[in-house]
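Coordinate inspection notes
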Amino acid sequence: MSKRGGVENNRAITDRLLTCHQRLYSSLKLGFRARTSFADSYDDKKRKWRCLDIEMQKHVVHSISAFLGFISADTWQHPLVKDSVADMIKALEGTLQCNSEVVLIIAAKVALKLVRDLPSSMLQSHVLNLIQPFSSLLSSHQLKVASRCANGLNHILTHLVIKEDRVIWEILTETNAVIHIINNIQNSSINMESIKYFQRMASLLGRILWRWPPSRYRVWNDAELLRALEVIRVNPDSSVKVAVFQLYSALALCGNGAERLLENGENLIKMVVQCMDSTQPPPVRIEAFKLAQLLVMSGQRCSKIMRLSCESIVQAIIYGLSGSSLPGRQNAKDQISLVVEAGRLAQITRWAGEHHIYFWKLGIDRVLFTLLLSKSHKAQPPRHSLSFEELSAIASEGPAFIWDILGGLVTHCAEDFNPEMNESDFSINILIGCACWTFVDAIRKSGQICQDDANSISSRSASRAVLLMIYSPCKFIASQARSILSAALKPDGKRYLKSLMDYLDSVSSRDEFGRPDRIFFSIVGLTCYSVLPQYRKYIIQNEGIKMLLAFIKKCLRNDFNLGRLNVATHLQDMFSLRTCYPTCCHTCTEDWDDGGILLLFSLWGLAELIHHSGPMRNCPDLFCGQVEYTEAQLINDLQEICNNTSTPGLRWYAAYLLSYFGVYGFPSRLGKRIGNALGEKENADTQLILKSGESLNVHGVLLLVQCPSLLQTVELPLDKKSSDGYSVRQYTELTKKFKKEVHLSAHVHHLPLVKILEFVYLGYLHAGEDLVKSLKSFAKHCKLQPLLQMLHRKRPRWGIPFPGLDLTRALDFDGLAFSDVVLKAEAAEEMQWACKFCFVLVPHMHVHKVILWSSCDYFRAMYRSGMQESRSLFVKVPISWKALVKLVDWLYSDKLPTLVSGCLFHNMDDREKLQELQPFLELCWLADQWLLEGIHEHCSRVVDSCLDSSENLSLEVLQISARLSLWKLAEAAVNRLAPSYSRLRLTGEIEKLDKDLADMVRAASVRHSRGGSTK
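This structure is a prediction, so every number in the text was calculated from the model and none was measured.

Focus: the packing of aromatic side chains
By the definition in use, this model includes 21 aromatic pairs. A centroid spacing of 4.9 Å and a plane angle of 75° characterise the contact between Tyr529 and Tyr535, whose relative ring orientation is edge-to-face. Tyr535 gets classed as buried once you look at its relative accessible area, which sits at 8%. For the pair Phe666 and Phe802, a centre-to-centre distance of 5.4 Å together with 85° between the ring planes defines the contact as edge-to-face. Remark: Phe802 occurs in the loop between α40 (785-791) and β6 (821-825) and Phe666 occurs in the loop between β1 (663-665) and α35 (669-674); sequence separation between them is 136 residues.

Written as structure tokens, this is what we have:
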């Protein structure tokens, strides 16, 4: 087109646009005509749509529709278009609030067209005006209106960047949007003729659930909705299945929601497995994989699901990773998505279980190998061993999840697993080779790699996989990995090692930490090098142990912790999550390297080096020059890790390291308390008699739980069949007459027995090398497998739970024979009570003096006083039954009491919340009286954390705290109420408080109004 022709065309467009614009505003001005002043017509904030005439409203909507029909990408930036957007939205906002169904149908259609057709940049500053009418009309009985408004609202939430999340959520809450969508979905289940209607409602609900966690409880707790979805999901239409799965996935973002979905798990998992099958359309398979990922986020849920359908799920993952069921180039995008989602679900290899057997059986190694080849554009698998140059070409394009899957597989292999039996050794060796090459390349370039570089992400995952492979319990894999890694490091391995050690030394000696990715490669690299004899000697000779000690100290003193997600950033996108769409109510403490990956691998490397340095008596100079970090300090730090850390891997390796310093077992806070009773004779009820005639007085209940083999010769006075119906007197007499004597064989000697008892009470023991041999024999006889593992200094196996001290078994029937005291709760609340052990009709628990005496100064003083109450069978505890249960659970397991989790608490009314907090307030008071510091601090934090949820709750907590003289909590409640004092006074709610408490709130309010701290 000539320049002149272009100008004429643009003039023609402008003329037509001007005409449409004039017609639009001739109708719009009728709706804006009523105003308080002429100036208001030009003030967007004061300008209101005031037209109530139905015909005029229809005319305006048609004018907007005509104007939108003329707008195209060529005219978006025209001033007439840009300046009209705000007025069109205000007109539609007003029109969507009319009562005429005819107008609403047309207006909803035009409003949907507007948010769809105009670019986000033009709508961004005005779109909030449409959210309220769209949300309100979700309750419309007109399906077209509700459907179009759902579609428009979903489009706004999906495509526009709206920072006012809180404002939008308030609008959705005020208009009961979630409730209306739920009702619409339930109604659509009756008649599935309108599939689009259901899809739009489900899509919008899913979007809300993803974005606003508070919305989730209302949905997953609706039993009728879940039943409706069960009916809807059998519809053969694939788009319906996709919509249902997306909605289920949004619900499973909440841990409680996931648990609710799995209540009827068998049917749901059966459907998910069917929809992951290769016969299903790719979109259905992809959404089924995404849902499955969320359902297996914890090891506990994964085990539950695997029990239902283990082999079928693994088979679906294998087929998904292979992608072989998607012919044709048009499905390339779906195939990539399918492989990615299947790869994410394959992360279940991090959990131990039967599914590992099926992964190997179905050829996971060959599938991963083929996936690597496809990424490197290799047409055919090689038939021969590959050079490191060829491995480099293959590994450089490998997705990170391949190494995560492989790392999980090799950590849970059996010791005698042999891939050669399945003809898998070639593909496994190639995978090991690629991982090793990637690792070596990473440590070579570690000073140059950027944190979020794609190659760095893959390198970090491959490096972790190499670490797990060379320490694998499988002899074949560990041997192959060490051999291949040794070859890959030639000829510059020592130079790389020196560079890693120099960097770690510099990091340990300065105040700030270096780059997390480089520290990661250095620590993982040093731990990998430590298993290779040709490099281990160099590390030890160049003070590598002292270097690791310095780094460990730095991590502990500076509380420097990196979780798995900090170094495996690709996992942050797991389950399609983003930081703005968070999970909630998920608790998972089973991951070994979650919360302290650098510290874990440092402890691991230190243990390996010390293991090959021999007993600590052979390394007298290890702590020479370590003025700032002595052996005693290290032992104390390792014990603190065992006592105060929840990450299993850290606790295991701390315990494993302690064995090299003569401390064998598993330190814990509970063991520290129960250890107070070691050697205490007054409450001992069992006598261990050696052949030599020597005897030891012990507490039978601790032997029952910790070392039951020593009690096998004791005949208990009660059995489960005859115990029903004992009166308290009969029960007491039986236990008093019960003579608990254990005659030990001639093979048991005094000193090993004393040490085993030390383990029984403390959870660990101290022993020199000269005693370890006899302790191994004794521990084996007593079937103390965890202790035996420490005595043999066997490397911890990845993924197994930490065997901390837990005495709750003593509260079961077997512990009744050793019970010598009954704790009675206050029976203030009405409750039906029946004890399975006796006829006492008030709430009570059969417990053991030794555990009370060990854990509580109050009981220790009482039982030593000689007063009458010290000889009484019953002890009244002035707290409710719920509080007593929490207290006893802490005494026997050291588990601090917890509130109902997340959304379960937040969706209670104030009365229910107070009932949940009441036991914590009682325990705060009791802990003050009984000097239970850990309980007092914890329960205070729990109560304090809930005060922001409700002013009424704060008022109630203030009154209870004052009544119990818990003045710190009372002050916390006062500070929460201070900003609302004026309103509370006007509404009369402050009158609930007595004068002194009301004055406290008033004084805090004055401080708050003056800008002072209310803390």
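Considerations on the pattern of salt bridges
Tallied over the entire structure, the rule returns 29 salt bridges. Between Arg444 and Asp441 there is a salt bridge, and its shortest N-O distance comes to 2.3 Å. Linking Arg444 with Asp441, this pair stays in helix α24 (residues 425-445), spanning three residues, or about one helical turn. Ionic pairing is found between Arg976 and Asp944, a salt bridge with its closest N-O pair at 3.3 Å. In this pair, Arg976 sits in helix α48 (residues 967-977) while Asp944 sits in helix α46 (residues 933-946), placing the two residues 32 residues apart along the sequence. If you follow the salt bridges from partner to partner, you end up with Asp441, Arg444 and Lys445 in one network.

Here's the deal with the confidence of the model for the protein
Mean pLDDT over the protein: 85, with 84% of residues reaching 70 or higher. A low-confidence stretch, residues 34-42 stays under pLDDT 50, and its non-local contacts, those more than four residues away or across chains, total seven contacts. In the model, residues 720-725 has pLDDT below 50 throughout and makes seven contacts with residues more than four positions away in sequence or in other chains.

Describing the packing of α24 against helix α28 (residues 516-529)
In the contact formed by α24 and α28, the axes pass within 10 Å of each other and the chain directions differ by 125°. Between α24 and α28, the angle falls in the class oblique. The element α24 and its partner α28 pack so that their crossing is left-handed. Between α24, through Phe439, Ala442 and Ile443, and α28, the contact on the second element is made entirely by Phe521, Val524, Gly525, Cys528 and Tyr529. Of the residues in the contact of α24 with α28, the class split is seven nonpolar, one polar and no charged.

Some details on the sheet that holds strand β3 (residues 695-698)
Read across the sheet, three strands follow the order β3-β2-β4 without closing on themselves; strand pairing throughout is mixed. Of all strands in the sheet, those with a lone pairing partner are β3 and β4 (740-743), marking the two edges. Looking at each pair of strands side by side, their axes are set apart by 20° on average, direction ignored. Helix α38 (residues 750-762) rests against β2 (686-689) and β3 of the sheet, and its axis sits at about 5° to β3.

Procedures and definitions
Residues numbered from 1 in each chain as written. Predicted model: local features only at pLDDT ≥ 70, side-chain atom pairs only at ≥ 80, totals over all residues. Heavy atoms only, no water. Phe/Tyr/Trp six-rings, centres within 6.5 Å; stacked < 30°, edge-to-face > 60°. Buried < 20%, exposed > 50% of the residue type's maximum accessible area, 1.4 Å probe, protein only. Helix = DSSP H or I, 4+ residues; strand = E, 2+ residues; numbered from the N terminus. Salt bridge = Lys/Arg side-chain N within 4 Å of Asp/Glu carboxyl O. pLDDT = per-residue confidence, 0-100. Contact = heavy atoms within 4.5 Å. Axes fitted to C-alpha atoms, helices over the stretch in contact; angles between N-to-C directions. Parallel < 35°, antiparallel > 145°, perpendicular 65-115°, else oblique. Left-handed = near helix turned anticlockwise from the far one by under 90°. Nonpolar A, V, L, I, M, F, W, Y, C, P; charged D, E, K, R; others polar. Pairing = 2+ DSSP bridges.

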